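# Commentary on secondary and tertiary structure
Letter by letter, the chains look like this.
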Amino acid sequence: MGVAAPAAAQDCADDAANCVVVADRLRDTAITVVASGREERVNETGQSISVIGAAELAAVQGPDLARVLERLPGVTTARSGPLGSQTSVFVRGANSQQLLVTLDGVRLDDVAAPSGGFDLGTMLPGGIAKVELLRGSNSVAWGSNAIGGVLALTSERLDGARAGVEYGANDTVSADAALGASGAAYSVTASGGYVSSDGISAYAKGAESDGFRQWRANLRGEVRLAGDLWLDAAGRYADSRIDFDGYPAPFYSFADTPEYQTTRQGSGRLGLRYAAGSLNLRGGAAYSDTRREYFDPTFGTAPNFTTQGRSWRADLTGRAELTQGVTLDFGADSEWTRFATLFDPPQDARLSSGHVLLGYHSGGLHLSGGVRLDDHDRFGSHWTFGANGAVELAADLRLRASYGEGFKAPTLYQLYGYGGNAALRPERSKAYDAGIELGDRSGSRHVALTLFRRDASQLIDYLWPSGYFNIGATRAEGVELEGGWAIVDNLRARAAYSYVKAVNRANGKDLARRPRNAVTAGLDWTTPLAGLTLGADLRLVSDSYDDAGNFTRLDGYGLVTLRASMPLPGGLELYGRVENLGNVHYQSVAGYGSYGRSAFVGLRGRW
């Protein structure tokens, strides 16, 4: 099967049986890149993958990506205060830093952060058209960090213009716009956005609000250079400021403070792709840079701490159709990373790798397996393996299973920062899952049941006062149940339930901030009244612990959100929502505040 971009749709005219034109013949939500790093049908992989498209993102409303991700099974989140604060996403109980996050194919890891990873608090959904989440280890295709899973974000592609503005609780303003054009041999889209909020106090008992501000710009484009050779490019820049609370003298206990943090993030990729006959090739170079500065006006205007993390990456991947139904995916890449802080001199590392995946696709049977070799200039070589399969039992009904290994290289901070240990080994995982699935989550009917287990070892943790060591081992196991149904033409229901038991294998205690039970449910109804759409969402989370010793309990909670939207003349849409309708007081991180009842109204248009 081939998958073509909208700009290349005319190339499918001669081979309609084997070529999928995303925009015209197959829903974009039926295509994924997180299984192998290349486009393929979701129902032709044995891995647990969920895809959220542009229509669902618009229906959720607002600038909070965490609310979008919580719709998916196996996902819980924890935020240290208001919008824009540190936001952790736990996929099947894995550490947030063990989730690989990409935007338009660019890895967004903050290589200067102590544990690496990406802070989802700085990624707002404006300009994002697609969210893909793979749950489970998949380092064969993706390399380091893909222990818990892979979150792939894709920016929008437009042929026209759109704009929107929203205002609501805590003096929150969100505005964004995009302009794009496309033709048979090109497409280009530029977008930008701004969010500002007075926020709430990060310290739950505090009296002063901690605000947030971010502006961002995105660019994405492609052009046909000659025949089947295309040049594509993507870039993002975001500038953020978030206020936070700390531990002031003389008591050094958590309290209101005037401290704030600024974050500047830049990322981009320039590449070539070639597709002709039985061979597809893609190669390019990517860059990511994250710079943070921390300020405490109590002691002056200069930053009291700074970090800078930077990565360069070159890659070449391909797919060859060996025989009828047999494919070979292959790739090689090298990544060079550098970090520095106010107190740590610059340090560098290199990670080079190669991988192969052999696939078999015939009728309703789809099998894939592969191996990857990574070579790090500090800890040496590391092998990972993976395999998955799916078989169609009946129309739209498939049985799937997967085995995946993951690894996470030690961060530069863990190697050379405060408490650094140059002898660290990579974190490792082995993950298994099996399930049965009817339809897909964007279709008219969908039911999926999945059992999973993941064992992780050699986890890196700080052992006071000696420093970082490979001392951790965890196990996460559980079940995911997800369903969606078009009850009637204009009424759709959905629900997802997850049971995740994530524990420290040394003592059996629950991992911090990992509730065992989580439920998300919702209804969307397009009424006969002038296209008015009404929606309701329910989020239930069980008790958990805030600390590794299980001394501080976090109470479970339930949140209700009501949504509405109505089309207006001229391509406009009026929309609004009320979050936390019951004004529930809850905490996902002990001692940190959360939003009470909050109302928002917005106007957006597309032309």
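Check the entry above for the structure.
Residues numbered from 1 in each chain as written. Predicted model: local features only at pLDDT ≥ 70, side-chain atom pairs only at ≥ 80, totals over all residues. Heavy atoms only, no water.

### What about the overall build of the protein?
In terms of regular secondary structure, the protein is built from four helices and 35 strands. Relative to its length of 607 residues, the protein is compact, with a C-alpha radius of gyration of 23 Å against a globular reference of 25 Å. Dimensions of the protein, computed from C-alpha atoms along their principal axes, come out at roughly 75 × 65 × 45 Å. A separation of at least 24 residues holds for 57% of the contacts in the protein among residues at least 6 apart in sequence. Carbon together with sulfur atoms contributes 59% to the accessible area of the protein, which is approximately 25100 Å² in total. (Helix = DSSP H or I, 4+ residues; strand = E, 2+ residues; numbered from the N terminus. Rg over C-alpha atoms; globule rule 2.2 N^0.38 Å. Contact = heavy atoms within 4.5 Å. Areas by Shrake-Rupley, 256 points an atom, 1.4 Å probe, with all protein chains shown as cover.)

### Looking at the side chain of serine 429
Among the structural elements, serine 429 can be located in strand 25 (residues 427-439). Since its relative accessible area comes to 5%, serine 429 is described here as buried. Only 2.7 Å separates the side chain of serine 429 from the side chain of serine 137, close enough to count as a polar contact. Those residues in contact with serine 429, other than ones at most four positions away along the chain, are Ser137, Ile147, Gly404, Glu405, Gly406, Arg454, Asp455 and Ala456. (Buried < 20%, exposed > 50% of the residue type's maximum accessible area, 1.4 Å probe, protein only. Polar contact = N/O pair within 3.5 Å; in protein donor to acceptor, adjacent residues only side chain to side chain.)

### Let's talk about the pattern of salt bridges
One side chain can pair with another of opposite charge once the charged atoms of both are near each other. Enumeration according to the criterion identifies 47 salt bridges in this entry. Residues joined in a network through salt bridges with shared partners are Glu56, Arg71, Arg441, Glu482, Arg494, Asp524, Asp537 and Arg563. (Salt bridge = Lys/Arg side-chain N within 4 Å of Asp/Glu carboxyl O.)

### Some remarks on the sheet that holds strand 8 (residues 99-103)
In spatial order, the strands read 5-10-11-8-9; together these five strands make up an open sheet with mixed pairing. Two strands close off the open sheet at either side, each with one partner strand: strand 5 (48-52) and strand 9 (106-107). Note: strand 8 against strand 11 (residues 149-155), five bridges, orientation parallel. Residue pairing for strand 11: leucine 100 is matched across the bridge by valine 150. (Pairing = 2+ DSSP bridges.)

### Considerations on unusual backbone geometry
A cis amide bond links alanine 249 to the next residue, proline 250, at an omega of 5°. With an omega of 0°, the peptide bond between tryptophan 464 and proline 465 qualifies as cis. Located in the positive-phi region is alanine 530, a residue other than glycine, with phi close to 55°. Among the residues examined, alanine 530 registers a relative accessible area of 52% and is labelled exposed. Non-glycine residue asparagine 550 carries a positive phi angle of around 60°. In this structure, asparagine 550 sits in the loop between strand 31 (544-545) and strand 32 (553-554). Classification of asparagine 550 by relative accessible area gives buried; the value is 17%.

### Considering the pairing of strand 35 (residues 598-606)
When strand 12 (residues 160-168) meets strand 35, the two strands line up antiparallel, connected through seven bridges. Bridged to glycine 168 within strand 35 is phenylalanine 600. Note: strand 34 (residues 572-579) against strand 35, eight bridges, orientation antiparallel. Opposite leucine 574, over in strand 35, you have leucine 603 as the bridge partner.

### With respect to the environment of tyrosine 468
Within the secondary structure, tyrosine 468 sits in strand 27 (residues 467-488). Residue class for tyrosine 468 comes out buried when judged on its relative accessible area of 10%. Once the C-alpha coordinates of tyrosine 468 and glycine 417 are considered, the two residues, 51 residues apart in sequence, prove to be 9.7 Å apart. Setting aside residues up to four positions removed in sequence, tyrosine 468 forms contacts with Pro114, Tyr413, Gln414, Tyr418, Gly419, Gly420, Asn421, Leu424, Ile460, Asp461 and Tyr462.

### Some details on the pairing of strand 22 (residues 365-376)
Two strands pair when backbone bridges link them, and strand 21 (residues 347-362) and strand 22 are joined in this way by 12 bridges, in the antiparallel orientation. Looking at the pairing, serine 352 lines up with aspartate 375 of strand 22. Examined bridge by bridge, strand 22 and strand 23 (residues 380-394) share 12 bridges and lie antiparallel to one another. Among the inter-strand pairings, leucine 365 is bridged to a residue of strand 23, identified as valine 391. Where strand 22 folds back onto strand 23 in an antiparallel hairpin, the turn is made up of three residues.

### Things to note about the packing of aromatic side chains
All chains considered together, the criterion is met by 15 aromatic pairs. Between tyrosine 403 and tyrosine 432 the ring centres are 5.2 Å apart and the planes differ by 45°, which places this aromatic pair in the tilted class. Taken together, the residues tyrosine 403 in strand 24 (residues 397-408) and tyrosine 432 in strand 25 connect sequence positions 29 residues apart. By relative accessible area, tyrosine 432 is classed as partly exposed at 39%. An aromatic cluster of three or more residues is present, and its members are Phe339, Tyr413, Tyr418, Tyr462 and Tyr468. One residue, arginine 514, lies across the ring of phenylalanine 90, its end atom 4.2 Å from the ring centre. (Phe/Tyr/Trp six-rings, centres within 6.5 Å; stacked < 30°, edge-to-face > 60°. Lys NZ or Arg CZ within 6 Å of the ring centre and 35° of its normal.)

### Some points on the nonpolar core
Of all hydrophobic cores here, the largest spans 22 residues; its most connected members are Leu65, Leu120, Met123, Val131, Leu151 and Leu153. Among the elements of the structure, helix 1 (54-60), helix 2 (65-69), strand 7 (87-91), strand 8, strand 10 (128-135) and strand 11 are those that each provide at least two residues to this core. Not counting residues up to four positions away in its chain, the partners in contact with leucine 153 are Leu65, Thr102, Leu103, Asp104, Met123, Ile128, Lys130 and Val131. With 14 residues, the next largest nonpolar core counts Val42, Val51, Val140 and Leu357 among its residues. (Core = buried A, V, L, I, M, F, W, Y, C linked by side-chain atoms within 4.5 Å.)

### What about the environment of alanine 349?
Structurally, alanine 349 is set in strand 21. For alanine 349, a relative accessible area of 8% puts it in the buried group. A C-alpha to C-alpha distance of 10.0 Å links alanine 349 and leucine 415, two positions 66 residues apart in sequence. Once you skip the residues sitting within four places of it in the chain, alanine 349 turns out to touch Glu335, Trp336, Thr337, His376, Asp377 and Leu412.

Coordinates in, geometry out; function isn't part of it.
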